[in-house]
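# Chains, contacts and geometry: an overview
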Amino acid sequence: ALFCLDWLVQLPDGRWTTGLSTSPENVFLTESGEPCSTAAGSAMDMALIDELFGHCINAAEVLGIDEDFRQELSSKRERLAHPGMGPDGRMREWERDFGENEPGHRHVSHLYGVYPGDAVNENTPELMQAASLSLKKRIEAGSGHTGWSAAWIFNLYARLKEPANVYRSIRRILSDSSLPNLFGNHPPFQIDGNFGYAAGVAEALLQSHQGEIRMLPALPEAWNEGEAKGLRARGGFVLDMKWSAGTIKEAGITSTHGGTCRIADHCLYRVQGPDGQELPADGFVTAAGETYRITPRDKEKVSVS
């Protein structure tokens, strides 16, 4: 964080950006049509700095230290010059609208804020839509052919909650981006593709990056029936779950560290503690080592506030 503070420069409007920045392995076209890789404030760098400052602020709050440093990070974080959306509705990769040298580039670094970051989510619907359009255009131009790139796209579609595109990603990975022995194909081999595929499966079945547990957020129709065991959620929770007709039939949440557990779409579910007592699904305190049973409520009894 100290390095990033030194790296940032202030713009005339008071916002902060990086004086020299890249978007990994991609290049843009200058006004004269020359390929170039360095400019100010790429979307990925700004997203990484934003995330880093947030983590440092949270850590300092938990530890009760570095109040002045925390305030400096907060002040500059609020004024980071994120590239945002371009006039075409896509996420900008750079601080302004450069020409694209390779519209189908295999990297999607400007979408870091969607995945593996979490700054772009349901609370920023316009940016979610811009990210989806960016991904669509990149793929139409030929992106996502290597194993790791296809796996990143898989995870992005899971975060964007687009189950049809999740399934297309799965099919593409298995048919085009994997070798006969199932190694991720670069070529010759990259473990990123295999690990990324496993991550994508988990991301389609369970998400917890917004402080609550969301089950089956991007379930493909082809996976209409199934079960999963041992999925891990943030906060120290392990889930086993079964679903049918695309909806949860039963789930168990085991707490590894205690703490409060929150279920997304909580009005749809009933939570029972180890003693059978019903608990509020929008937030219940857990005990380490205990398992909590989740079942769907009767649809006619569900009220939407």
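Anything mentioned here points back to the structure above.
As a starting point, this report considers the structure included with it. This one's a predicted model, so the numbers in the text were calculated from it and none came from an experiment.

### Examining the pairing of strand 10 (residues 247–255)
Where strand 9 (residues 237–244) and strand 10 come together, 8 bridges link them in antiparallel fashion. The residue bridging V238 from the neighbouring strand is T254, located in strand 10. Once strand 9 ends, the chain turns through 2 residues before running back antiparallel as strand 10, passing A245 with a positive phi of about 55°. As judged from the 4 bridges shared by strand 10 and strand 15 (residues 291–296), these two strands associate in the antiparallel manner. Looking at the pairing, I253 lines up with Y292 of strand 15.

### Some details on the packing of helix 2 (residues 43–63) against helix 3 (residues 67–77)
The relative placement of two packed helices comes down to the angle between their axes together with the axis-to-axis distance. At their nearest, the axes of helix 2 and helix 3 sit 9 Å apart, and the two run at 150° to each other. On the basis of the axis angle, helix 2 is roughly antiparallel to helix 3. Considering the relative orientation of helix 2 and helix 3, their crossing is left-handed. Between helix 2 and helix 3, the contacting residues are D50, F53, G54, C56, I57, A60 and E61 on the first element and R70, L73, S74, K76 and R77 on the second.

### Here we look at the nonpolar core
The biggest cluster of nonpolar side chains holds 25 residues, and the ones touching the most others in it are I213, M215, M241 and I263. Counting residues per element, the ones that place at least two in this core are strand 8 (226–233), strand 9, strand 10, strand 12 (269–272) and strand 15. In contact with M241, other than residues within four places in its own chain, are L205, M215, L216, G226, E227, A228, L231, I248, E250 and A251. With 24 residues, the next largest nonpolar core counts M91, M128, L135 and A218 among its residues.

The rules behind these values
Residues numbered from 1 in each chain as written. Predicted model: local features only at pLDDT ≥ 70, side-chain atom pairs only at ≥ 80, totals over all residues. Heavy atoms only, no water. Pairing = 2+ DSSP bridges. Helix = DSSP H or I, 4+ residues; strand = E, 2+ residues; numbered from the N terminus. Axes fitted to C-alpha atoms, helices over the stretch in contact; angles between N-to-C directions. Parallel < 35°, antiparallel > 145°, perpendicular 65-115°, else oblique. Left-handed = near helix turned anticlockwise from the far one by under 90°. Contact = heavy atoms within 4.5 Å. Core = buried A, V, L, I, M, F, W, Y, C linked by side-chain atoms within 4.5 Å. Buried < 20%, exposed > 50% of the residue type's maximum accessible area, 1.4 Å probe, protein only.

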